[in-house]
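# Understanding the architecture of this molecule
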Amino acid sequence: MKLLDLQGYASPEDSKTHIRIPFELEEGCGKLNLRLQYTPKTLENREKALRLLKDSYDLYILPQNREYAIANADQHLPLKNLITLSLDDARGYRGACHRQDEVQDLYVTEGEASPGLMAGELVPGPWSVTLSLHCIVTDTCTYRLEVWTTEEDSI
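Now for a description of the structure that goes with this document. Please read these numbers as outputs of a predicted model, since none were measured by experiment.

Here is what the cut-offs are and how they apply
Residues numbered from 1 in each chain as written. Predicted model: local features only at pLDDT ≥ 70, side-chain atom pairs only at ≥ 80, totals over all residues. Heavy atoms only, no water. Helix = DSSP H or I, 4+ residues; strand = E, 2+ residues; numbered from the N terminus. Buried < 20%, exposed > 50% of the residue type's maximum accessible area, 1.4 Å probe, protein only. Contact = heavy atoms within 4.5 Å. Areas by Shrake-Rupley, 256 points an atom, 1.4 Å probe, with all protein chains shown as cover. Expected span 1.5 Å × (residues − 1). Polar contact = N/O pair within 3.5 Å; in protein donor to acceptor, adjacent residues only side chain to side chain. Phe/Tyr/Trp six-rings, centres within 6.5 Å; stacked < 30°, edge-to-face > 60°. Lys NZ or Arg CZ within 6 Å of the ring centre and 35° of its normal. Disulfide = S-S within 2.5 Å. Pairing = 2+ DSSP bridges. Axes fitted to C-alpha atoms, helices over the stretch in contact; angles between N-to-C directions.

## A short note on the overall build of the protein chain
Within the protein chain, the regular secondary structure consists of two helices and eight strands. For the protein chain, the N- to C-terminal ordering of α and β elements is β-β-β-α-α-β-β-β-β-β. By its C-alpha atoms, the protein chain is 60 × 25 × 25 Å across when sized along the principal axes. Taking all 155 residues of the protein chain together, 41% fall into the buried category. Sequence-distant contacts in the protein chain: of pairs separated by 6 or more residues, those separated by 24 or more amount to 77%. Of the roughly 8,800 Å² of accessible surface on the protein chain, 50% is carried by carbon and sulfur atoms.

## Quick look at helix α1 (residues 46-60)
Across its 15 residues, α1 extends 21 Å between first and last C-alpha, which sits within 8% of the 21 Å expected from 1.5 Å per residue. Turning to α1, its buried residues number three or more, namely Lys-48, Ala-49, Leu-53 and Tyr-57. Where α1 is buried, its residues contact α2 (63-71). The N-terminus of α1 is capped by Asn-45, whose side-chain oxygen sits 3.1 Å from the backbone nitrogen of Glu-47.

## Regarding the packing of aromatic side chains
Here a ring pair, both rings aromatic, is described through the centre-centre distance and the interplanar angle of the planes. Across all of its chains, the model carries one aromatic pair by this definition. The residue whose ring lies beneath Lys-31 is Tyr-107, and the NZ or CZ to ring-centre distance is 5.2 Å.

## Some thoughts on the environment of Ile-83
Summarising the element assignment, Ile-83 is placed in strand β4 (residues 82-89). Assessed through its relative accessible area of 0%, Ile-83 is described here as buried. Counting along the chain gives 74 residues from Ile-83 to Tyr-9, while the straight-line C-alpha distance between them is 12 Å. Apart from residues lying up to four places away in sequence, Ile-83 is in contact with Leu-36, Tyr-38, Arg-99, Gln-104, Leu-131, Ser-132, Leu-133, Ile-136, Cys-141 and Tyr-143.

## Description of the state of the cysteines
Scanning the model with the defined rule gives zero disulfides in all. With no disulfide of its own, Cys-29 lies 16 Å from the sulfur of Cys-97, the closest cysteine sulfur. With no disulfide of its own, Cys-141 has Cys-135 as its nearest cysteine by sulfur position, at a separation of 10 Å. Judged by relative accessible area, Cys-141 falls into the buried class, the value being 0%.

## Some words on the sheet that holds strand β6 (residues 103-109)
Strand order in the open sheet made by the four strands is β1-β8-β3-β6, with antiparallel pairing throughout. For this open sheet the edge positions go to β1 (2-10) and β6, each flanked by a neighbour on one side alone. Strand-to-strand twist in this sheet, taken as the mean axis angle between neighbours without regard to direction, amounts to 10°.

Nothing here speaks to function; it is geometry throughout.
Next comes the structure, spelled out in structure tokens:
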């Protein structure tokens, strides 16, 4: 049963923020499935990427090391958007999936779960997914979160 199909957009101003998305899990769920996908993954505009890197160097690198960092900036390209997911059930924290993949298919059952998530009772009641928008480097980044249940309790 489809519980959630949410699409949204993020911009660089959304970097370092979180989006909490609540949903209800009903009695009798055998498997909770989640899919997070976002696009684009990389910033293809090299000049813009180098400008962003230089701005970050001004903030995070000691002045005496900046020239070296700028000269070697290519080793940090391409810059990538990063959105990760964490999961909470009615009782609390069920795990986090801080992966680099732009498409993530995840699941939780009583007996097993995707790495980063905790297997266990699929407690009926309020659950939530939190999307962590660590870094958005493209002008816009489209994301989609799908959550659905199935009766089966294994993959």
